[in-house]
Amino acid sequence: MSIRFATTPAVILKAGDYSETSRLVTAFTRDLGKIRLIAKGAKRRKSPFAGLVEPLSHVELVLIPSRGGLYTLKECSPLDEASRLRDELGLLSAGLFALALVDETQVDDDPQPAVFELLVRALERLETSANAPALLFAFQLRLIELSGYGLDLERCAADGAPLKGAGFFSPFHKGFLCGPCRSGSSGRGVSPGAFSVLKRLNEASLASAERVRLSTAQEAELARLFDLVLETFLEKKLAVTAIIRKLSAP
């Protein structure tokens, strides 16, 4: 009986010890979605998997499926390097933050090729980015959209009125409210300047998003806003992303 192998490009999201010699790896793949696999012997110095099954690695995997949903790694080859992301603390934090967002928003065994391509493009842009905060905010906006959550920045989520001036996100309405509707509502507001930046980022590609400049105050406002938006849509607190935000804070 021949064994069927699965071959797919992947980004390694996280890895931990499985045994004295092997690693337990979570990978986000183009063709299989988010999966877990065992890299046998990966901790050995001369293993062909050494250094390839670590977070941020963009690789091609050859996998042996199992009935329990845990794959076994047969072959692994690099598709590109992420050396600068690992060498600079700020970029490392940004890259790990992107991985954490994908890990928390994607369910197991559910292929999302568009999300995979978005993640790959974001990590590639981060390698040479001089404006990682703007790039990450644009990445989050695309991820929210591709994950099926609507975020209208033009119309009030309560009455459909045009949104002007400052922004105010309401978890109850799962959207932004206009001035009259936000009265008495709980949520988080952002200044007119930060909301204007958010709209520009929403209309920009990942490449052009890097040209959008944010002040330190606007960056902090949008970081707090995105934390609430993601917690609202996912219905859970994102502990991992909060830790990584603190690491990357100026």
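Structure's up top.
Since we're looking at a predicted model, the values are computed, not measured.

A. Quick look at helix α2 (residues 89-105). Look at α2: 24 Å from first C-alpha to last across 17 residues, which is about the 24 Å you get at 1.5 Å a residue. The buried fraction of α2 is high, at 13 of 17 residues.

B. Quick peek at the side chain of H58. Tracing the chain through its elements places H58 in strand β4 (residues 58-64). Of the residues examined, H58 reaches a relative accessible area of 12% and is grouped as buried. Leave out the neighbours within four places in its chain, and H58 touches A10, V11, P78, L79, D80, F116 and V120.

C. Spatial organisation of the pairing of β4. With 5 of 7 residues buried, β4 is to be regarded as a mostly interior element. The pairing of strand β1 (residues 6-17) with β4 spans 6 bridges and is classified as antiparallel. The residue bridging A10 from the neighbouring strand is V59, located in β4. As defined by bridge partners, β4 adjoins strand β5 (residues 70-80) across 7 bridges and the pair is classed as antiparallel. Within β5, the position partnered with L61 by the bridge is C76. The turn joining β4 and β5, which pair antiparallel and follow one another in sequence, is formed by 5 residues; a positive phi near 85° is taken by G69.

D. Structural view of the pattern of salt bridges. Applying the stated criterion to the full structure yields 11 salt bridges. Its salt-bridge partner being R30, residue D31 comes within 3.0 Å of it at the nearest N-O pair. Residue D31 is classed as partly exposed on the basis of its relative accessible area of 36%. The exposure class of R30 is partly exposed, given its relative accessible area of 33%. For D108, the salt bridge identified is with K34, shortest N-O distance 3.9 Å.

Basis of the calculations
Residues numbered from 1 in each chain as written. Predicted model: local features only at pLDDT ≥ 70, side-chain atom pairs only at ≥ 80, totals over all residues. Heavy atoms only, no water. Helix = DSSP H or I, 4+ residues; strand = E, 2+ residues; numbered from the N terminus. Expected span 1.5 Å × (residues − 1). Buried < 20%, exposed > 50% of the residue type's maximum accessible area, 1.4 Å probe, protein only. Contact = heavy atoms within 4.5 Å. Pairing = 2+ DSSP bridges. Salt bridge = Lys/Arg side-chain N within 4 Å of Asp/Glu carboxyl O.

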